[in-house]
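What follows is each chain in one-letter form.
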Amino acid sequence: MTTAALRRPRPVLARVALWAVAAVAVLELAPRVPGVGSIEVRVLLGFALGLVPVLLMSWTLVKGVLSPAALGALIVVGIVSAVLLSRLGWFAAAVPFKVVLAASIGVLLGRQVAEAWWLVVVAGVALVADVWSVFAGPTKVVVEKAPVVLDYLLIHFPVLGVAGSGMGLGMSDVIFLSLFAAGSAGAGLRPVAGFLAMAASFLVTVTVALVWKPALPALPFLAVAFLAVNSGRFVGLARSARDRRRGSG
């Protein structure tokens with residue numbers, strides 16, 4: 001990270017704004033596009049279309065090398081705007097701010113990663129914690145007793161050709177997506193391949209959920225995708241560390 005790069009936030013913010021406008025446009029227009037196939041197919045297509053600008057916003061922030069102060073400012077703007085717009089029921093307009101908020105938090109956390117094994121630990125903990133939360137913990141309680149809270153925590157996606165919201169993606173999923181991608185860059189892993197694999201895992205999660213019907217946590221699929229695509233690097237780094245210890249001994 002160079003000082004010059006940290007001083008040029010405008011191009012990054014301009015690209016984020018571009019994808020934010022695209023996200024709102026997709027979310028607003030997708031229900032008006034004639035749908036094809038079953039309702040499950042329409043839900044999946046709506047999710048896939050809406051996911052594209054969400055991923056592009058997240059990746060722009062991951063690679064944008066914004067300063068911590070700039071990311072902190074985005075977090076504050078994201079919180080205030082996302083809460084206000086969600087409270088007003090303007091869920092499509094709230095989506096970009098939710099993504100910016102979540103991705104900025106993830107990038108800040110990812111930059112603290114010094115060793116690849118930290119990400120392995122985080123992936124394992126996130127996997128177990130998310131499964132517990134959805135099936136027996138806080139997420140289950142919120143869904144059953146206070147579903148209105150989900151309006152503030154979920155990124156809502158459209159259904160192709162049908163009015164109303166389809167599948168939702170948790171802001172926590174975007175946080176971990178950005179965390180793993182940003183952390184990979186500084187830990188000798190594969191940030192691009194990892195990001196693409198994790199993005200694909202969202203589609204896998206939704207597909208399985210549509211077939212199986214119950215709501216599924218996305219983090220387990222995301223964590224497995226991240227670990228799988230970087231498995232060779234993890235093995236190589238472990239061997240290098242072992243060889244260094246032998247050499248020093």
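Residues numbered from 1 in each chain as written. Predicted model: local features only at pLDDT ≥ 70, side-chain atom pairs only at ≥ 80, totals over all residues. Heavy atoms only, no water.

## Comments concerning the overall build of the chain
- Within the chain, the regular secondary structure consists of 12 helices and 2 strands.
- Taken from the N to the C terminus, the helices and strands of the chain come in the order α-α-α-α-α-α-α-α-β-β-α-α-α-α.
- The C-alpha radius of gyration of the chain comes to 19 Å, within 12% of the 18 Å expected for a compact globule of 249 residues.
- Overall, the chain is about 65 × 45 × 35 Å in size when its C-alpha atoms are taken along their principal axes.
- Burial analysis of the chain (249 residues in total) assigns 41% to the buried set. (Helix = DSSP H or I, 4+ residues; strand = E, 2+ residues; numbered from the N terminus. Rg over C-alpha atoms; globule rule 2.2 N^0.38 Å. Buried < 20%, exposed > 50% of the residue type's maximum accessible area, 1.4 Å probe, protein only.)

## Things to note about the packing of aromatic side chains
- Counted according to the given criterion, the structure contains 6 aromatic pairs.
- Residues Phe47 and Phe157 carry aromatic rings whose centres are separated by 4.6 Å and whose planes lie at 55° to one another, so their mutual orientation is tilted. Here the residue Phe47 occupies a position in helix α3 (residues 39-63), and Phe157 occupies one in strand β1 (residues 154-159), the gap between them amounting to 110 residues.
- You can call Phe47 buried: its relative accessible area is 1%.
- Where Phe176 meets Phe180, the ring centres are 6.0 Å apart and the plane angle is 40°; that geometry is what we call tilted. With Phe176 and Phe180 both in helix α9 (residues 171-186), this residue pair falls 4 residues apart, about one helical turn. For the pair formed by Phe176 and Phe180, the shared burial category is buried.
- Aromatic rings pair up to connect Phe176, Phe180, Phe226 and Phe234 into one cluster. (Phe/Tyr/Trp six-rings, centres within 6.5 Å; stacked < 30°, edge-to-face > 60°.)

## What about the pairing of β1?
- Of all 6 residues in β1, 5 are buried; the element is thus mostly enclosed.
- Note that β1 and strand β2 (residues 162-170) share 5 bridges and pair antiparallel. Looking at the pairing, Ile155 lines up with Leu169 of β2.
- Where β1 folds back on β2, the antiparallel hairpin that results is connected by 2 residues, among which Gly161 adopts a positive phi of roughly 80°. (Pairing = 2+ DSSP bridges.)

## Some thoughts on the confidence of the model for the chain
- Summarising the model, the chain shows a mean pLDDT of 88, and 92% of its residues fall at 70 or more.
- With pLDDT under 50 throughout, residues 1-7 is counted as low confidence; its partners more than four residues away or in other chains account for 7 contacts. (pLDDT = per-residue confidence, 0-100. Contact = heavy atoms within 4.5 Å.)

## Side note on the nonpolar core
- Within the largest apolar cluster, 57 residues are counted, with the highest numbers of intra-cluster contacts made by Leu169, Phe180 and Phe202.
- In terms of residues, this core owes the most to one element, α9, which gives 9 residues.
- Sequence-distant contacts of Phe202, that is, excluding residues within four places in its chain, are made with Phe47, Leu51, Leu55, Leu169, Asp173, Leu177, Ala218 and Leu222. (Core = buried A, V, L, I, M, F, W, Y, C linked by side-chain atoms within 4.5 Å.)

## Overview of unusual backbone geometry
- One non-glycine residue with positive phi stands out, namely Val65, at about 55°.
- With relative accessibility at 23%, the residue Val65 sits in the partly exposed group.

## Topic: the environment of Pro9
- Checked against the element boundaries, Pro9 lands in helix α2 (residues 9-29).
- Remark: the alpha-carbon pair of Pro9 and Leu66, spanning 57 residues in sequence, is separated by 6.0 Å.

## Focus: the packing of α3 against helix α5 (residues 91-110)
- Packing of α3 against α5 brings their axes to within 9 Å, and their N-to-C directions diverge by 35°. In this structure, α3 meets α5 at a crossing whose hand is right-handed. Each of Val54, Met57, Ser58, Leu61 and Val62 in α3 lies in contact with α5, whose residues at this interface are Val95, Pro96, Val99, Val100, Ala103, Ser104 and Val107.
- A per-class count over the contact of α3 with α5 returns 10 nonpolar, 2 polar and no charged. (Axes fitted to C-alpha atoms, helices over the stretch in contact; angles between N-to-C directions. Left-handed = near helix turned anticlockwise from the far one by under 90°. Nonpolar A, V, L, I, M, F, W, Y, C, P; charged D, E, K, R; others polar.)

## A closer look at a nonpolar patch on the surface
- Nonpolar side chains collect at one region of the surface, where Val131, Phe135, Val204, Val208 and Trp212 lie side by side and expose about 420 Å² of accessible area between them.
- Those elements giving two or more residues to the nonpolar patch turn out to be α6 (116-135) and α10 (191-212).
- With 3 residues, the top contributor of residues to the nonpolar patch is α10.
- Structurally, the position occupied by Val131 is in helix α6.
- For Val131, a relative accessible area of 32% corresponds to the partly exposed category. (Patch = residues over 30% accessible without salt bridge, like charges linked within 9 Å, V, L, I, M, F, W, Y side chains within 5 Å. Areas by Shrake-Rupley, 256 points an atom, 1.4 Å probe, with all protein chains shown as cover. Salt bridge = Lys/Arg side-chain N within 4 Å of Asp/Glu carboxyl O.)

## Describing the packing of α5 against α9
- Two elements in contact, α5 and α9, have axes separated by 7 Å at closest approach and are oriented at 35°. Helix-helix and strand crossings are classified by hand; for α5 and α9 the assignment is right-handed. Counting all contacts with α5, which are made through Lys98, Val99, Leu101, Ala102, Ala103, Ile105, Gly106, Val107, Leu109 and Gly110, the residues of α9 involved are Met171, Val174, Ile175, Ser178, Leu179, Ala182 and Gly183.
- When the residues that make up the contact of α5 with α9 are grouped by side-chain class, the tally is 12 nonpolar, 4 polar and 1 charged.

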